[in-house]
Amino acid sequence: MDLRQLEYFVAVAEERNFTRAAERVHISQSGVSAQIRQLERELGAELFDRSARTVTLTVAGKAALEHARATLAAAGAVGRAVDGVTGLVRGRLTVGMVIGCTLTPLFDALAAFHEAYPGVEILLLEDGSDRLVEGVRTGALDLALVGTAATTPDGLDALTIISERLVAAVPPGHPLAKRRRLTLPDLMGHPIVCMPTGTGLRTVFDQACAAQGLRPAIALQASAPDAIADLAVRGLGVAVLSESMAVNHRDRLTARAIDDVDTPALLALIWKSAHNPAVRELLAHSRRAFI
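In this text the structure is predicted, and so the values were computed from the model without any measurement. (Residues numbered from 1 in each chain as written. Predicted model: local features only at pLDDT ≥ 70, side-chain atom pairs only at ≥ 80, totals over all residues. Heavy atoms only, no water.)

1. Notes on the packing of helix H1 (residues 3-15) against helix H3 (residues 29-43)
Next up, step 1: Two elements in contact, H1 and H3, have axes whose closest approach is 9 Å; the angle formed by their N-to-C orientations is 110°. In terms of axis orientation, H1 runs roughly perpendicular to H3. In this structure, H1 uses Arg4, Gln5, Leu6, Tyr8, Phe9 and Val12 to contact H3, whose residues at the interface are Val32, Gln35, Ile36, Gln38, Leu39 and Glu42.
Next up, step 2: For the contact of H1 with H3, the class distribution of residues is seven nonpolar, three polar and two charged. (Axes fitted to C-alpha atoms, helices over the stretch in contact; angles between N-to-C directions. Helix = DSSP H or I, 4+ residues; strand = E, 2+ residues; numbered from the N terminus. Parallel < 35°, antiparallel > 145°, perpendicular 65-115°, else oblique. Contact = heavy atoms within 4.5 Å. Nonpolar A, V, L, I, M, F, W, Y, C, P; charged D, E, K, R; others polar.)

In C-alpha cells, the structure reads:
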C-alpha cells in the first residue's frame, strides 16, 4: 500500500461517497474506486459496505481508519517540518462565522490548526451569512461557516456540516402545541420570532412563505437561537428554528416540524480557492472535527 491509497481511503470514509471523495482528491471516481479495491486486496478485507446509497465502513474499515489517519498525519508532519523552514504555511488566515453560532467542532478545528501551525495568525470575524458569502467571493475572507438555503453558493466550494428542517416552537400552553402537524398557513395568525434577514434559516423561511404568497408577521428578531427560544417561552411569538436548535429547549418549548417547508436549512463551510496551503490545512482539520 502507499500514502495515496490511504488518502483515498480516508477521503471516502469522511465523505461517505465515492464521487465526493474523488472531487476532494481531484481524480476520477473510477481512479478512487480502483485504488480502494487494490488496497482491499492487499489487506485481504473489504473496507466499505457499498450496498446502500451512502457508503459506510465495515468492521475492518473502522479498524483501519484511525491507523490510516495516523499514517497520513505522520507523513504530513514531515511536510510541515519543511514548511516551517521554508515559510510555506505562514501568514494570516481570515475566517468568517455566522453570528450566534457556537459550533464546538469549528473551534476544535481552529485549535488543532493553531497547534499545528502556530506561525499562522487566525483572524475570526462574525457577520450575517450573506455578507460572509460576499467576503469569501471577494477574497476578504479565506473561508467561512455560513447558514444557507443552497448547498453551494454560486462560484464557491462548500462542505455541508448540518442539514436540518425548520420547526415551529411554542410554550406547552400555546394553541399550536396541541397540533400534531403544522404548515406555514397555521403560523400566519401568530407573531413570529426568528433570525434576521441574511441568515440561512431566515432565507429558507422567507422563500417558503413567498412561494405560497404568505406574509408572516415578524414580531421579533434575534441572532442567537437561545434568545429566540427565550422570547418564545415568554409568549412573545412562535419561534422558527432548526431541529437541533429547538432540541436544546425541549424542556420549555414544544417543537413541530413545518411540514410544507421542504428546503432544509444548511450550515456549511465555504471557500473560493484551496490553493492557499493554510486553507487546505484548515479544511482538513475541519473535516476531521466534524466527521
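2. Overview of the nonpolar core
Next up, step 1: Counting 33 residues, the largest nonpolar core has Leu166, Leu184, Leu187 and Phe205 as the members making the most contacts within it.
Next up, step 2: Elements with a contribution of two residues or more to this core: strand E7 (166-170), helix H7 (184-187), strand E8 (191-194), helix H8 (200-211), helix H9 (225-233), strand E10 (238-242) and helix H10 (243-247).
Next up, step 3: Filtering out sequence-adjacent residues up to four positions away, Phe205 remains in contact with Leu166, Leu184, Leu187, Ile192, Pro216, Ile218 and Val240.
Next up, step 4: Of all hydrophobic cores here, the second largest spans 31 residues; its members include Ala109, Ala144, Ile161 and Leu282. (Core = buried A, V, L, I, M, F, W, Y, C linked by side-chain atoms within 4.5 Å. Buried < 20%, exposed > 50% of the residue type's maximum accessible area, 1.4 Å probe, protein only.)

3. A look at the sheet that holds strand E5 (residues 143-148)
Next up, step 1: In space, the five strands of this open sheet follow the order E4-E3-E5-E12-E6, with mixed pairing throughout. Each having just a single partner strand, strand E4 (120-127) and strand E6 (157-164) make up the two edges of the open sheet. Pairwise comparison of adjacent strand axes, ignoring direction, gives a mean angle of 20° for this sheet.
Next up, step 2: Pairing of E5 with strand E12 (residues 265-271), which is carried by six bridges, proceeds in the antiparallel orientation. Directly across from Gly147, in E12, lies its bridge partner Leu267. (Pairing = 2+ DSSP bridges.)

4. A look at the packing of helix H2 (residues 18-25) against H3
Next up, step 1: Look at H2 against H3: their axes get within 8 Å of each other, and the N-to-C directions meet at 100°. Considering their axes alone, H2 and H3 lie roughly perpendicular with respect to each other. Contacts between H2 and H3 involve Phe18, Thr19, Ala22 and Val25 from the former and Gln29, Val32, Ser33 and Ile36 from the latter.

5. With respect to the sheet that holds strand E9 (residues 217-221)
Next up, step 1: In spatial order, the strands read E9-E8-E10-E7-E11; together these five strands make up an open sheet with mixed pairing. The sheet is open, and its two edges are formed by E9 and strand E11 (254-257), each paired on a single side. Between one strand and the next, the sheet's axes are offset by a mean angle of 35°, whatever the strand orientation.
Next up, step 2: One ladder, built from four bridges, connects E7 with E10; its direction is antiparallel. Opposite Ala168, over in E10, you have Val240 as the bridge partner.

6. Description of the pairing of E12
Next up, step 1: With seven of seven residues buried, E12 is to be regarded as a mostly interior element.
Next up, step 2: Along E12, one buried face is formed by Ala265, Leu267, Leu269 and Trp271 and the opposite face, lined by Leu266, Ala268 and Ile270, is buried too.
Next up, step 3: Direction of pairing for E6 relative to E12: antiparallel, over a ladder of seven bridges. Pairing of Ile162 across the sheet is with Leu267, part of E12.

7. Here we look at unusual backbone geometry
Next up, step 1: Phi at Arg16 takes a positive value of approximately 60°, unusual for a residue other than glycine.
Next up, step 2: Relative to the helices and strands, Arg16 resides in the loop between H1 and H2.
Next up, step 3: For Arg16, a relative accessible area of 45% puts it in the partly exposed group.
Next up, step 4: With phi around 65°, His26 is a residue other than glycine that occupies positive phi space.
Next up, step 5: Within the secondary structure layout, His26 lies in the loop between H2 and H3.

Limitation: the analysis is restricted to geometry and does not speak to function.
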